[in-house]
Amino acid sequence: STDAPVGFANSLKFACTTADTSIAASEYFFFSQKIEGQNLQHFAKGTSSAKKLTVSFFVKSNKTGTYIGELRDHDNNRHISKTWTINSANTWEKKILTFDGDTTGALDNDSNNSFTFYWYLGAGTNFTSGTLATSWASLVAANRAAGLNVNLGDNTANEWLVTGLQIEIGDAATDFEHRSFAEEL
């Protein structure tokens, strides 16, 4: 979409085209970003020097409420989640989520998916009936999105837009780095 906050030209837009007002227990709806292990080694996960990670992004939706952001370690079957809120409908908001470093389980140094960041937009009780894992823990499905109180798919008028995603070391978000593909490569 060309709907984006100041400083950005585009965003990724989800628009509900078929409403589902009753999510089954085993259903979930999320947006995710996968990251290869070879690109995560500087986070020092699984060592006594494990670093905090900060995820920042801009989001806009007509659907206010509590959402869940989850960082999942696929190499060691671990995860950590944070709640975040869309406070004002149809307004671009910057969100910043900081995750503690995990001293358990090093990430594989390869081209396979080691981390996935999930934005939960709707989920059934199999994913919401437990206690949110706000510190690193073994993966338990019921704890992945506990506290989620929105269902983006419950009305065909619902939209969710995101842009400016950045994951960085430390407990503070910096301004988004607009880098060309060549610079990044």
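Structure: see above.
## What to know about the sheet that holds strand 6 (residues 93–99)
Move 1: Taken in spatial order, the four strands make up an open sheet running 1-9-3-6, and their pairing is antiparallel. The open sheet has two edge strands with one neighbour each: strand 1 (12–15) and strand 6. Neighbour to neighbour, the strand axes of the sheet diverge by 25° on average, direction disregarded.

## Section: the nonpolar core
A general trend in soluble globular proteins is that nonpolar side chains are found buried together.
Move 1: With 34 residues, the main nonpolar core has F57, Y67, L71, W84, F115 and W160 as its most contacted residues.
Move 2: If you list the elements that add at least two residues to this core, you get strand 2 (28–36), strand 3 (53–61), strand 4 (65–73), strand 5 (78–86), strand 6, strand 7 (113–123) and strand 9 (159–169).
Move 3: Ranked by residues supplied to this core, first place goes to strand 7 with seven residues.
Move 4: If we skip the residues at most four places from it in the chain, Y67 touches S61, K82, T83, W84, I86, Y120, L121, L148, V150, L152 and W160.

## So, the pattern of salt bridges
Pairing of side chains with opposite charge becomes possible as their charged atoms draw close.
Move 1: This structure, assessed with the given rule, holds ten salt bridges.
Move 2: Taken together, the shared-partner salt bridges connect K45, D73, R78 and D102 into one network.

About the thresholds
- Throughout, residues of each chain are indexed from 1 in the direction in which the sequence is written.
- In keeping with the predicted nature of the model, local features appear solely for residues at pLDDT of at least 70, side-chain atom pairs appear and are counted solely at 80 or more, and the whole-chain, interface and lining totals rest on all residues.
- With hydrogens and water excluded, all non-hydrogen atoms of the structure serve as input to the side-chain values.
- The pairing criterion for strands is at least two bridges between them, as found by DSSP.
- Put simply, DSSP marks the helices as runs of H or I at least four residues long and the strands as runs of E at least two long, and each gets a number from the N terminus on.
- Inter-axis angles, ranging from 0 to 180 degrees, are taken between N-to-C directions of lines fitted to C-alpha atoms, where helices are fitted over the stretch in contact.
- Among buried residues, the Ala, Val, Leu, Ile, Met, Phe, Trp, Tyr and Cys ones that are joined through side-chain atoms within 4.5 Å form a nonpolar core.
- Partly exposed residues are those whose accessible area sits between 20% and 50% of the maximum for their type, while under 20% is buried and over 50% is exposed, using a 1.4 Å probe and protein chains only.
- Contacts are assigned to residue pairs that have any heavy atoms within 4.5 Å of one another.
- Here, a salt bridge means any side-chain nitrogen of Lys or Arg that lies within 4 Å of a carboxyl oxygen of Asp or Glu.

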